[in-house]
Amino acid sequence: MQNRELNLAKQIKEKLNACEDVVLRYIEVGDIVLNIIFVQDITSYETISDYIIKPLIQLDSFPLNEDKSEFIAREVIQGREVKIINTISDAVEEILKGKVAVIIEDEKNFVLVDAAYFIARSISEPPTSTVLQGPREGFNEQIKNNISLIRRRLATADLVIKNLKVGRKTKTLVSIMYLENVTDINMVKKIYKKISQIDIDGVLDSHYIAEYLQMYPNSIFKQVGTTEKPDIAVAKMLEGRVVILVDGSPLVLTLPFLIFENFQSGEDYYTNHHHATFIRWIRVIGIALAVLLPGTFVALQLYHYGIVPLKFLVTIANTTQGLPFTPLIEMLFIVLLFELLNEASLRMPKYLGMAMSIVGALILGDTAVNAGLISPPAVMIVALSSMTSFTVADLSNQISLLRLGFIIIGAVFGLFGVLLGLVWLVSYMATLDSYGTAFLAPFAPKFRQDSKDFMNVVSRVEMQDMPRSIQSKNKIRAGKKKEEKWDEN
């Protein structure tokens, strides 16, 4: 065996630290020795046997005066992807990605054949984006599958894919996708440059890339869009956005990203536009209640009880009499209690987590009220705030922090402080931008054309122009097509 193990194969095995899952086989073609090397757990035995080993065994000899590597790659091996490289480092990298290296005696080149086989989750409906109407396909962890889902919906030569490898150890494949005749090329170049400059040991999920793509890394607001559905990704590309896919992650990134995209849902476009408008306003009201309601309630208790309706004021006075905590401490205690219950229900097994949420909220809340530690109105306010925060699930993390901030502001400065805090928050968001697109567009700056798909949703027939808030080459998305004549046959 030793005399049949070629020098290049030995060097590759040394680079791979002689791992036990690295397989090396040899074949003799006439008087020429060939070595086949691959990693057994990430390759398909059927592919190696039927398309690599069998054709080589059936080969009697090599033609004279012809490069053996090129002859094998062109005439002998059958595979999805066959290529020739000439460096050991590239061969090692490709083998670790599921390729098979064919090494020929007295040759300096490697023939690489794609025989990758990774266990992948089947394509199913994403748990975070369920719909009653519309497509139910979702991305999975295989980037090739995700690209095919997008290509099936965008059968156009304008679709451009730029690939990069990120991560010193993982060398994760990252694909940037956009429409050439729609997307602003300067924005694409900025995104490509940011990703190409990432220097990190490993990329295990798209969130690793998202953090490097944020224009304001210290902001609490989400600045990169995410989706698990191909139809949403394609819709955003048609509007001039860039889609970024990361191998190993079902979450696809989209840029530029606007704050009001959080209030949009894929199902809004598969239902009646009047109902979609109503639901969007429900989401906005829910977020406003989630952020402002606890702080406003504390401010009313401490400074502005004179404007509270008399009957409600009597109820508050009766339920808060004898409590050991101030309104601020009471509200912070209840918010902390709800956050702990939420975190515990998420970390526990699925069925136990559901029981934890119900039992914890009912028993602990009722016990704390009966013990005279907290008041029923405060529990109701925090419960309503926590419930409405999930009307826009993508903002739930930011809402938790903002709610806490407004509680403290309301306790210190009253309703005037809450109002000033809200003005400051809106002003701060107005200063943010996402690759040349205002974060608060089309609200600030105002784009009248974009208001057709803002809070009020109009019929798709009326959405003929492209969004003005996003820089794009194409200005018209719909028009009147020439009428086709009816064919009687």
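Here's a quick rundown of the structure. (Residues numbered from 1 in each chain as written. Predicted model: local features only at pLDDT ≥ 70, side-chain atom pairs only at ≥ 80, totals over all residues. Heavy atoms only, no water.)

**Quick look at the pairing of strand 1 (residues 22-29)**
Step number 1: Bridge count between strand 1 and strand 2 (residues 32-39): eight bridges; the pairing is antiparallel. Counted as the bridge partner of L24 is I37 from strand 2.
Step number 2: Here strand 1 folds back onto strand 2, and the loop between the two strands holds two residues, one of which, G30, carries a positive phi near 65°. (Pairing = 2+ DSSP bridges. Helix = DSSP H or I, 4+ residues; strand = E, 2+ residues; numbered from the N terminus.)

**Things to note about the side chain of T172**
Step number 1: Turning to its location among the elements, T172 is positioned in strand 7 (residues 172-179).
Step number 2: The class of T172 is buried, set by a relative accessible area of 6%.
Step number 3: Of note is the side chain of T172, whose polar atom sits 3.0 Å from the side chain of T170.
Step number 4: Apart from residues lying up to four places away in sequence, T172 is in contact with K97, L164, K165, V166, V203, V246 and D247. (Buried < 20%, exposed > 50% of the residue type's maximum accessible area, 1.4 Å probe, protein only. Polar contact = N/O pair within 3.5 Å; in protein donor to acceptor, adjacent residues only side chain to side chain. Contact = heavy atoms within 4.5 Å.)

**Considerations on empty space enclosed by the protein**
Step number 1: Going through the model one piece at a time under the given rule, you end up with one cavity of 30 Å³ or more.
Step number 2: Of the volumes computed, that of the largest cavity is approximately 50 Å³.
Step number 3: What lines the largest cavity is L213, Q214, M215, Y216, Q223, V224, L255, L432, D433, S434, Y435 and F439.
Step number 4: The residue makeup of the lining of the largest cavity, split by class, is eight nonpolar, three polar and one charged. (1 Å grid on protein atoms, 1.4 Å probe; cavity = no way out; pocket = protein on both sides within 12 Å on 5 of 7 lines; lining within 4 Å. Points joined across faces, edges and corners; volume = space filled by probe spheres on them. Nonpolar A, V, L, I, M, F, W, Y, C, P; charged D, E, K, R; others polar.)

**Considerations on the layout of surface pockets**
Step number 1: One number sums up the size of the second largest pocket: a volume of about 1,100 Å³.
Step number 2: Taken together, 38 residues form the lining of the second largest pocket, with L96, K97, K99, F118 and D247 sitting closest to its centre.
Step number 3: Secondary-structure elements contributing two or more residues to the lining of the second largest pocket are helix 4 (88-95), helix 5 (143-153), strand 6 (159-166) and strand 7.

**Brief notes about the packing of aromatic side chains**
Step number 1: Overall, the coordinates contain seven aromatic pairs when judged by the stated rule.
Step number 2: When the ring of F62 is compared with that of F71, the centres are 6.3 Å apart and the planes differ by 75°; the resulting orientation is edge-to-face.
Step number 3: Of the aromatic side chains, those joined through ring pairs into one cluster are F221, W424, Y428 and F439. (Phe/Tyr/Trp six-rings, centres within 6.5 Å; stacked < 30°, edge-to-face > 60°.)

**Here's the deal with the environment of L300**
Step number 1: Tracing the sequence through the fold places L300 in helix 9 (residues 273-302).
Step number 2: With 252 residues separating them along the chain, L300 and I48 place their C-alpha atoms 74 Å apart.
Step number 3: If near-sequence neighbours (up to four positions away) are discounted, L300 is found in contact with Y305, I307, V308 and L415.

**Quick word on unusual backbone geometry**
Step number 1: In this chain, L255 is followed by P256 through a cis amide linkage whose omega measures -5°.
Step number 2: That bond from A441 to P442 is cis: its omega, 5°, falls within 30 degrees of zero.
Step number 3: With a phi close to 55°, Y435 is a non-glycine residue in the positive phi region.
Step number 4: For Y435, the position within the fold is in the loop between strand 11 (433-434) and strand 12 (437-438).
Step number 5: The buried category is assigned to Y435, whose relative accessible area is 5%.

**Focus on the pairing of strand 10 (residues 252-255)**
Look at any regular strand and the pattern is simple: side chains alternate between the two faces of the sheet.
Step number 1: Burial of the side chains of strand 10 extends over both faces: V252 and T254 are buried on one face and L253 and L255 on the other.
Step number 2: Pairing of strand 8 (residues 225-227) with strand 10 involves three bridges; the strand directions are antiparallel. When the bridges of strand 10 are listed, T227 appears paired with V252.
Step number 3: Between strand 9 (residues 242-246) and strand 10, which follow one another and run antiparallel, lie five residues, and G248 among them has a positive phi close to 95°.

**Observations concerning the nonpolar core**
The nonpolar side chains of a soluble globular protein tend to be buried with one another.
Step number 1: Core analysis: the biggest nonpolar cluster contains 24 residues, and L34, I36, I52, L56, F62, I72 and V102 have the highest contact counts within it.
Step number 2: Going through the elements one at a time, strand 1, strand 2, helix 2 (45-57), helix 3 (68-76), strand 4 (99-104) and strand 5 (110-114) are the ones with two or more residues in this core.
Step number 3: Sequence-distant contacts of V102, defined by excluding residues within four places in its chain, comprise L34, N35, I36, I52, L56, I77, F110 and V111.
Step number 4: Listed in part, the 23 residues of the second largest apolar core include L164, Y178, I191 and L213. (Core = buried A, V, L, I, M, F, W, Y, C linked by side-chain atoms within 4.5 Å.)

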